[in-house]
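# Observations on the model geometry
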Amino acid sequence: MSQTDTVSRILDAAEVLFAERGFTETSLRTITSTAGVNLAAVNYHFGSKKELIQAVFERFLTPFTDALVRELDRRVAEGQTLTVEGLLESLYRVGMGSLAEQGRDPQRFMRLLGLAYTQYQGHLRRFIVSRYGDSYRRFAGLLAQALPGLDPVTFYWRLYFMLGATIFTLSSYDAIEAILREDFGAQSSLPETLERLVPAAAAMLKVNAE
């Protein structure tokens, strides 16, 4: 087994187990057993469980943030008016597209993001801020510019209300869509759900802000 294969197997196992069980509840021995490697391989390639958690997020976030920056650059270069709805549409479309290109499960990624908040990991927040803070601040800054009537504290909370609704909806998409089919006899694909989410999330940000 090559080193690249070993790293990929460890990351794949960690991604699934962290999303299913949480960070605290998942031991390195469980990960190595699932990946079919020994504990020394994790220590050699990642150094510690904290660094493994960071590597799992890096594998998702680096392609996503790179793609989002390119999208924002394009829209600014074309002189487009950046509305709240347009920015959210870009966020969702680029995010789902990036995950699809990687062959990654969107629901799993959203569960991991949710866990990053519900199972507070200080090292993970510091890692994300140091690695992706510039991209986050740029996107948030463009949103704030599109909402000139909001004070910073209100904007902060509404941004997290929006992110919370997004994470819950996408991490639980299969279960929510199953309820829709059972109770209403209707179906909604993930792209259709995102189309419905954009105006709802935008309204959460915009109320009394314009």
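Bear in mind the structure is a predicted one, so any value in this text is a computation, not a measurement.

### Let's talk about the overall build of the chain
- From N to C terminus, the chain includes 10 helices and zero strands.
- Ordered by position from N to C terminus, the α and β elements of the chain give α-α-α-α-α-α-α-α-α-α.
- For 210 residues, the compact-globule estimate of 2.2 N^0.38 gives 17 Å, and the chain sits close to it at 19 Å.
- Structurally, the chain occupies a C-alpha span of about 55 × 45 × 30 Å along its principal axes.
- Burial analysis of the chain (210 residues in total) assigns 45% to the buried set.
- Within the chain, contacts between residues at least 6 apart in sequence are counted, and of these 72% link residues at least 24 apart.

### Details of a nonpolar patch on the surface
- A surface patch of nonpolar side chains, about 520 Å² in accessible area, is lined by Val153, Tyr156, Trp157, Phe161 and Met204.
- Ranked by the residues each element gives to the nonpolar patch, the list is headed by helix 8 (residues 152–171), at four residues.
- Looking at the secondary structure, you find Trp157 in helix 8.
- For Trp157, a relative accessible area of 47% corresponds to the partly exposed category.

### Looking at the packing of helix 7 (residues 122–145) against helix 8
- The geometry of helix 7 relative to helix 8 is characterised by a closest axis approach of 12 Å and an angle of 110 degrees between their N-to-C directions. When the axes of helix 7 and helix 8 are compared, the pair comes out roughly perpendicular. Crossing hand, helix 7 versus helix 8: right-handed. Of the residues in helix 8, those touching helix 7 at Tyr136, Ala140, Leu143 and Ala144 are Phe155, Leu159 and Tyr160.

### Remarks on helix 5 (residues 84–102)
- The terminal C-alpha atoms of helix 5, which comprises 19 residues, lie 27 Å apart, in line with the 27 Å expected from a rise of 1.5 Å per residue.
- Of all the residues in helix 5, the buried ones are Val84, Gly86, Leu87, Leu88, Ser90, Leu91, Tyr92, Val94, Gly95, Met96, Ser98 and Leu99.
- Elements in contact with the buried residues of helix 5: helix 4 (49–77), helix 6 (106–118), helix 7, helix 8 and helix 10 (190–206).
- Where helix 5 ends, the next residue or the one after it, Gly103, has phi of about 70 degrees, a positive value.

### So, the packing of aromatic side chains
- Enumeration over the complete set of coordinates arrives at eight aromatic pairs.
- Put simply, the rings of Tyr117, Tyr156, Trp157, Tyr160 and Phe161 touch in pairs and so form one group of aromatic residues.
- The ring of Phe60 is capped by Arg104, whose NZ or CZ atom sits 5.7 Å from the centre of that ring.

### A look at the UniProt feature "DNA-binding region" (unreviewed entry) in the chain
- Within the UniProt annotation, "DNA-binding region" (unreviewed entry) is assigned to residues 27–46.
- In residues 27–46, helix accounts for 75% and strand for 0%; the two terminal C-alpha atoms are 14 Å from one another.

### Comments concerning the side chain of Thr193
- With respect to the helices and strands, the residue Thr193 is situated in helix 10.
- Overall, the relative accessible area of 14% leaves Thr193 in the buried class.

### Digging into helix 4
- With 29 residues, helix 4 ought to run about 42 Å at 1.5 Å a step, and its terminal C-alpha atoms sit 41 Å apart, in line with that.
- In helix 4, a bend of some 35 degrees at Glu58 exceeds every other bend along the element.
- Once helix 4 finishes, Gly79 follows within two positions and takes phi at roughly 70 degrees, a positive value.

What counts, and where the lines are drawn
- Residues numbered from 1 in each chain as written.
- Predicted model: local features only at pLDDT ≥ 70, side-chain atom pairs only at ≥ 80, totals over all residues.
- Heavy atoms only, no water.
- Helix = DSSP H or I, 4+ residues; strand = E, 2+ residues; numbered from the N terminus.
- Rg over C-alpha atoms; globule rule 2.2 N^0.38 Å.
- Buried < 20%, exposed > 50% of the residue type's maximum accessible area, 1.4 Å probe, protein only.
- Contact = heavy atoms within 4.5 Å.
- Patch = residues over 30% accessible without salt bridge, like charges linked within 9 Å, V, L, I, M, F, W, Y side chains within 5 Å.
- Areas by Shrake-Rupley, 256 points an atom, 1.4 Å probe, with all protein chains shown as cover.
- Salt bridge = Lys/Arg side-chain N within 4 Å of Asp/Glu carboxyl O.
- Axes fitted to C-alpha atoms, helices over the stretch in contact; angles between N-to-C directions.
- Parallel < 35°, antiparallel > 145°, perpendicular 65-115°, else oblique.
- Left-handed = near helix turned anticlockwise from the far one by under 90°.
- Expected span 1.5 Å × (residues − 1).
- Phe/Tyr/Trp six-rings, centres within 6.5 Å; stacked < 30°, edge-to-face > 60°.
- Lys NZ or Arg CZ within 6 Å of the ring centre and 35° of its normal.
- UniProt positions renumbered as here; feature names shortened; annotations may be inferred.
- Bend = angle between axes of the 7 residues up to and from the residue.

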